[in-house]
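A closer look at the structure
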Amino acid sequence: MKPRLLDLLMCPWCRADLALTAFDGSAPGGEVVDGLLQCACGRRFPIVNGIPRILEDALTLFPDFVQRYRDRLPPLPDIPVMRTREADAIRRTRESFGYQWTQFSEMVIDFRDNFLKYIEPLDESFFPGKLGLDLGCGFGRHIYNAATFGAEMIGVDLSDAIESTRANTKDLPNVHLVQADVYHLPIRPGVLDFAYSIGVLHHTPDPEAAFRCLVPLVKPGSSVFVWVYSKSRSFWNLCLESVRPVTTRLPKPVQKGISLAAALVDYGGFVGPYKLASAVPGLRSVVERLPLQRLKLYSVYPFQVVYADWFDRLAAPIRFYYDANDMEGWLTRAQLTRHRISPTGLFGWRAYGERA
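Along each chain, the written sequence defines residue order, and numbers are assigned to residues from 1. Thresholds applied to this predicted model are a pLDDT of at least 70 for local features of residues and 80 or more for the giving and counting of side-chain atom pairs; totals over whole chains, interfaces and linings are not thresholded and use all residues. Calculation of side-chain values draws on the structure's entire complement of heavy atoms; hydrogens and water are dropped beforehand.

Considering the pattern of salt bridges
Side-chain pairing between opposite charges can occur once the charged atoms of the two side chains come close. Quick reminder of the rule: Should a side-chain nitrogen of Lys or Arg be within 4 Å of a carboxyl oxygen of Asp or Glu, the pair is scored as a salt bridge. In this description a helix means any DSSP run of H or I spanning at least four residues, a strand means any run of E spanning at least two, and both kinds are numbered starting from the N terminus.
Throughout the structure, instances matching the rule amount to 19 salt bridges. A salt bridge links Arg244 to Glu241, with the shortest nitrogen-to-oxygen separation between them at 3.3 Å. One end of the pair, Arg244, and the other, Glu241, are both in helix H9 (residues 234-247), three residues apart, so they sit about a helical turn from each other. Look at the salt bridges and you will find they share partners, linking Glu241, Arg244, Asp312 and Arg319 into a network.

A few points about the sheet that holds strand S13 (residues 348-355)
The criterion, for reference: By this definition, two strands are paired if DSSP reports at least two bridges between them. Fitting a line to C-alpha atoms yields each axis, with helices limited to the stretch in contact; the angle taken between N-to-C directions then spans 0 to 180 degrees. Residue contacts are defined here by distance: any two heavy atoms, one from each residue, within 4.5 Å place the two residues in contact.
Spatial strand order, S1-S4-S5-S6-S9-S8-S7-S10-S11-S13-S12: 11 strands in an open sheet with mixed pairing. The open sheet is flanked by strand S1 (19-22) and strand S12 (336-344), the only strands paired with a single partner. In this sheet, neighbouring strand axes are inclined to one another by 20° on average, regardless of whether the strands run parallel or antiparallel. Where strand S5 (residues 44-48) lies against strand S6 (residues 51-54), two bridges are found, and the strand directions are antiparallel. Across the sheet, Val48 pairs through a bridge with Ile51, a residue of S6. Along the sheet, helix H14 (residues 324-333) contacts strand S11 (218-229), S12 and S13; its crossing angle with S12, the most-contacted strand, is approximately 160°.

Regarding the packing of aromatic side chains
Selection criterion: Pairing of aromatic rings covers Phe, Tyr and the six-membered ring of Trp, with a centre-to-centre limit of 6.5 Å; geometry is then stacked below 30 degrees between planes, edge-to-face above 60, and tilted otherwise. Burial status follows relative accessibility: with a 1.4 Å probe on protein chains alone, a residue under 20% of its type maximum counts as buried, one over 50% as exposed, and anything between as partly exposed. Working rule: Lys NZ or Arg CZ, within 6 Å of ring centre, within 35 degrees of ring normal, means a charge sits over the ring.
Applying the stated criterion across every chain yields a total of 30 aromatic pairs. With 5.3 Å between their ring centres and 35° between their planes, Phe211 and Trp330 make a pair best called tilted. Of this pair, Phe211 sits in helix H8 (residues 207-214) while Trp330 sits in helix H14, placing them 119 residues apart in sequence. Accessibility classification places Phe211 together with Trp330 in one group, the buried group. Joined through ring pairs, the aromatic side chains of Phe115, Phe126, Phe127, Phe149, Phe194, Tyr196, Phe225 and Tyr352 make up one cluster. The cationic tip of Arg141 hangs over the ring face of Phe111; the distance from NZ or CZ to the ring centre is 5.3 Å.

A few points about the environment of Thr148
Tracing the backbone shows Thr148 in helix H6 (residues 141-148). Separated by 24 residues in sequence, Thr148 and Leu172 place their C-alpha atoms 7.9 Å apart.

Re the side chain of Thr204
Put simply, the test is: Whenever two N or O atoms come within 3.5 Å, that pair is a polar contact, provided that in protein one can donate a hydrogen and the other can accept it, and provided that, for residues adjacent in sequence, both atoms are side-chain atoms.
Along the chain, the position of Thr204 falls in the loop between strand S10 (192-198) and H8. Polar contacts involving the side chain of Thr204 include one to the main-chain carbonyl oxygen of Leu201, which spans 2.6 Å. Excluding anything up to four places from it in sequence, Thr204 contacts Val182, Tyr183, Ala210, Ile318 and Phe320.

Side note on the nonpolar core
In plain terms, the rule: By nonpolar core is meant a set of buried Ala, Val, Leu, Ile, Met, Phe, Trp, Tyr and Cys residues that side-chain atoms within 4.5 Å join together.
In this structure, Phe115, Ile119, Phe127, Met153, Phe194, Tyr196 and Phe225 are the most contacted members of the largest nonpolar core, which totals 55 residues. Broken down by element, this core gets its largest block of residues, eight residues, from helix H13 (residues 303-315). The contacts of Ile119, once residues within four sequence positions are left out, are Phe127, Ile198, Phe225 and Arg350. One finds Leu37, Ile154, Leu158 and Met327 within the second-largest nonpolar core, a separate group that totals 47 residues.

Remarks on H8
The criterion, for reference: The directions considered for the arc run from the helix axis to the C-beta atoms.
All of the buried residues along H8 are Pro207, Glu208, Ala210, Phe211 and Leu214. The buried residues of H8 all sit within an arc of 155° when viewed along its axis, so they share a single face. At its buried positions, H8 is contacted by strand S7 (131-135), S10, S11, H14 and S12.

What follows is the structure, encoded as structure tokens:
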């Protein structure tokens, strides 16, 4: 954890300052590798592998850390962890995406154009000199580009995917990482110049509530932008939701095997032939005029992207879908101004607003 990050953090439960105790290991510049963040309310949050783990049950998730530093950890108060249906959904989501983005963690391309498509009409000129948040940073493809464009970035993820982000951004000095829950974000209010969440909120138990957790973190006049799944492909969504009650309950290796089979059929039977036809001079103009948005989209990506997306479809415990009216409602109820809402084809909706 870089020293700068401590100035931006707070306890998400009582909103008090956090005190830092560094344990063994430090990196150049005073970065803390292992340590402890302590709050006056009694909560303790470990720093493991340079990442603050600001979760209610964090110490139970890292037994090796507790064992290694048992003589240096203060007595822990008995703060009960809530066991609710929402908490169970969050736990299952954490496990699913932790598995997904450690299995599909490689930056097979730089994803620059992919990121710009999600944030259009913003471009790379928006980022230099700003402090921003990537909520649900996954394996790091978007935060990598935001940081490369010149922003100082905080990446937050609920799951073990944060380890993949760390591996993919380790050479970027302007990236901070935190493992935390969207409903209990440990960022001080009003410190950010922007916050975004791409392809994440629709996987939470209450997506609009999660969206509204972002708004207080940005300064007045600053930006919040998100991307969520679209209702437009109603037949495809219905087909997918008819099988997900089964596939989401399967063991992770089985989910991965089914996803591989689906991706092989998809890529071998549809995406691959489209790519080949598009490469033939006499067919290119004909093929590109066909209404095959999905094949056009995937034709620019390697097989692993198709594979990972199939796993996401079949394994993620929660999926919601939205339209333009839904997103307008989100922005209006959050009291954001200067709304910009636009589709990314039939697949999703971009929504942008600024804090009043």
